[in-house]
Structures are given as structure tokens and as C-alpha cells.
Protein chains: 2
Amino acid sequence: MYKRSENCPMKDICVQNGNGLTHIKELSDRAAMYDHARMFAHVTLEPGRSIGYHIHEKETEFYYILKGEGVFNDNGTEVIVRPGDICATAHGEHHGMENRSAENLEMIALIVLDN
Amino acid sequence: MYKRSENCPMKDICVQNGNGLTHIKELSDRAAMYDHARMFAHVTLEPGRSIGYHIHEKETEFYYILKGEGVFNDNGTEVIVRPGDICATAHGEHHGMENRSAENLEMIALIVLDN
């Protein structure tokens, strides 16, 4: 099966009390991932927008940077991440992501469940 | 945790008797995905190279096209896929991917296990 880009579910939501809306293009639903993952998405953060700092429990979230530059909050320490870098936030860890640049930040977000 | 692009494991292998080598940049290992996924990778197929046609059993593989143009063999039917398109090959299904263009084809590959 294949799906054209424009037919993927898309939503703009405030994520974890971040600044403004985050654009989320869903690449799969949870059922198609056997309930072993709950998000596989192409995420876009426009300049000034952010995903708020939050914890993950019994799951790991990956951010794979595709375009732009992000400020990744890795358990309280900020680091600049760029295309090709991979971020992983496992059980009991915290993260957040902010776009302080003038260009869109795009990344793949994948949440794999430990259940 | 974050990892710079250049520190990710990379390998060039022939995949499923395809043409030539496929470049695979691993974004996570299986253990970090709780044995619920066995591949999360950034895959590059140079012009003329391919991933051979093969079946998936008790798992689903997703290809998310990032750059270039691919010929996706979807259970025996060829279709051109482009950036933003998502391919899903579930239990009992077959697929392959070929780059017949003059530019590199890049995609995210994710294999989620049903176990």
C-alpha cells in the first residue's frame, strides 16, 4: 500500500504547552504499527514555535532532524541539532524542542512503546 | 540523548538481491526500540540501485520518501513515489524499490514487529 503525501492526516496542535502550533503529518496510525508505536510523523515547527518540555514514560521518542535547526532540550541541557542528527528520549527522560531560527524546522518523530 | 549524524552506524549492503549496494544509516538499534522494531534508518539508493522484491512476515515495513523518485513495487504493481509519499508493506505482503532516475533516492525505513 502507498499513500500520496496530500492524503496523509495532518493536524496543527499545541504540543505539551509549547509556543504556538506544531504541524503534524501522520505517516501511520497506531493500529498499523501493532500498538507497538503510537506516533510516526513528519513534524514541522515554524520559527518561534516549540514543543514544550515533558517526560516520557514506558516509551521512547526519537526526533530525526530533516531540515533547519532546533534547540533540543535534553533532560535540562540545551543543544543545537541539525539535519542528520538523531535525538532519543527514553523512559523517565525529559525533552523539548524549540525553533529559534528564521527557517522551518522539520523532523521525523517516532514514539515506540515498551508494553 | 542525541547523536550527531556522523556518529550513526552506517553500512553499504546488498538488500534482498537488489542491484548494487544500498546505503543505510541506522538511527536506532533494536534494543532501544524495546524489540518492537528492528530497523529505523535513513536509506539512500543511488541511480540504478534497488532493493530486491521480497516478502515481510509478522512485521510491517514503512518507506517514507525524503528526496528523489523511486519505483515502488507494491505487491507486483509498480508505482512512482516521490518526496512526502508513504509506503507500507504489512504481514504477507511483498515490496521492492528501485531508483531508475538520475538523482539519489532517500527515504526513512521503519520495520515494526508484530510479536
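Summary of the structure given here. (Residues numbered from 1 in each chain as written. Chains lettered and ligands numbered in written order. Predicted model: local features only at pLDDT ≥ 70, side-chain atom pairs only at ≥ 80, totals over all residues. Heavy atoms only, no water.)

Moving on: the overall build of chain A. Looking only at helices and strands, chain A has 0 helices and 11 strands in total. Ordered by position from the N terminus, the helices and strands of chain A form the series β-β-β-β-β-β-β-β-β-β-β. Here chain A has a C-alpha radius of gyration of 14 Å; the compact-globule value for 115 residues is 13 Å, and the two agree. In terms of principal-axis extent, the alpha carbons of chain A reach across some 35 × 35 × 25 Å. Relative to its full complement of 115 residues, chain A shows a buried share of 50%. Summed over all atoms, the accessible surface of chain A reaches about 5200 Å², with 46% contributed by carbon and sulfur. Between the centroid of the 11 positive side chains of chain A and the centroid of its 18 negative side chains there is a distance of 5 Å. (Helix = DSSP H or I, 4+ residues; strand = E, 2+ residues; numbered from the N terminus. Rg over C-alpha atoms; globule rule 2.2 N^0.38 Å. Buried < 20%, exposed > 50% of the residue type's maximum accessible area, 1.4 Å probe, protein only. Areas by Shrake-Rupley, 256 points an atom, 1.4 Å probe, with all protein chains shown as cover. Lys, Arg positive; Asp, Glu negative; His and termini not counted. Charge placed at Lys NZ, Arg CZ, Asp CG, Glu CD.)

Taken together, the contacts link 39 residues of chain A with 39 residues of chain B. Here chain A packs against chain B, burying approximately 3200 Å² in sum over the two surfaces, 60% of which is carbon and sulfur. Looking only at chain A, the three residues that lose the most surface to chain B are A:Met1, A:Tyr34 and A:Ile86, adding up to 21% of its buried area. Summed over the shared surface of chain A and chain B, the result is 2 salt bridges. The set of elements that each furnish at least two residues to the side of chain A that touches chain B consists of β1 (2-3), β4 (37-45), β6 (59-67), β7 (70-74), β8 (77-81), β9 (86-89) and β11 (105-113) of chain A. In terms of residue count, β6(A) provides more of the side of chain A that touches chain B than any other element does, 5 residues in total. Relative to strand β9 (residues 86-89) of chain B, β1(A) runs antiparallel, the two being bridged by 2 bridges. Along β9(B), the bridge assignment pairs A:Tyr2 with B:Cys87. (Contact = heavy atoms within 4.5 Å. Buried area = accessible area lost by both parts, 1.4 Å probe. Salt bridge = Lys/Arg side-chain N within 4 Å of Asp/Glu carboxyl O. Pairing = 2+ DSSP bridges.)

Turning our eyes to something else, we now look at the relation of the copies chain A and chain B. With an RMSD of 0.0 Å, the operation that places chain A on chain B is a rotation of 180° combined with a shift of 0.0 Å along the axis. The operation mapping one copy onto its partner corresponds to a two-fold rotation axis. Minimal C-alpha distance to the rotation axis in chain A is attained by A:His36, lying at 3.0 Å. (Least-squares fit on C-alpha atoms with pLDDT ≥ 70 in both.)

Its place among the elements puts B:Asn7 in the loop between β1 (2-3) and β2 (10-13). Remark: the alpha-carbon pair of B:Asn7 and B:Lys25, spanning 18 residues in sequence, is separated by 9.7 Å.

Turning to the nonpolar core, a few remarks are in order. In summary, soluble globular proteins display a tendency toward joint burial of nonpolar side chains. Ranked by size, the top nonpolar core spans 26 residues in total, and within it A:Phe40, A:Ile108, B:Phe40 and B:Ile108 carry the most contacts. Among the secondary structure elements, those contributing two or more residues to this core are β4, β6, β9 and β11 of chain A together with β4 (37-45), β6 (59-67), β9 and β11 (105-113) of chain B. Residues contacting B:Ile108, with those up to four places away along its chain left out, are A:Phe40, A:Tyr64, A:Ile108, B:Leu27, B:Phe40, B:Ala41, B:His42, B:Phe62, B:Tyr63, B:Tyr64 and B:Leu66. (Core = buried A, V, L, I, M, F, W, Y, C linked by side-chain atoms within 4.5 Å.)

Residues and elements named next belong to chain B. Tracing the backbone through its elements, the reader meets Glu-106 in strand β11. Here Glu-106 occupies a buried position and makes no salt bridge, while the nearest side chain of opposite charge, Lys-67, is found at 4.1 Å. The residues contacting Glu-106, other than those within four sequence positions of it, are His-42, Val-43, Thr-44, Tyr-64, Ile-65, Leu-66 and Lys-67.

What follows is about the sheet that holds β7(A). All names here are of chain A. The antiparallel open sheet is built from 4 strands, whose spatial order is β5-β10-β7-β8. Edge strands, defined here as strands with exactly one partner in the open sheet, are β5 (50-55) and β8. For this sheet, the mean inter-axis angle between neighbouring strands, taken without regard to orientation, is 15°. Pairing of β5 with strand β10 (residues 94-98) involves 4 bridges; the strand directions are antiparallel. Considered in β10, the bridge of Ser-50 is made with Glu-98. (Axes fitted to C-alpha atoms, helices over the stretch in contact; angles between N-to-C directions.)

What follows deals with the packing of aromatic side chains. Enumeration according to the criterion identifies 4 aromatic pairs over all chains in this entry. Judged by centre distance (6.3 Å) and plane angle (80°), the ring pair of B:Tyr63 and B:Phe72 falls under edge-to-face. (Phe/Tyr/Trp six-rings, centres within 6.5 Å; stacked < 30°, edge-to-face > 60°.)

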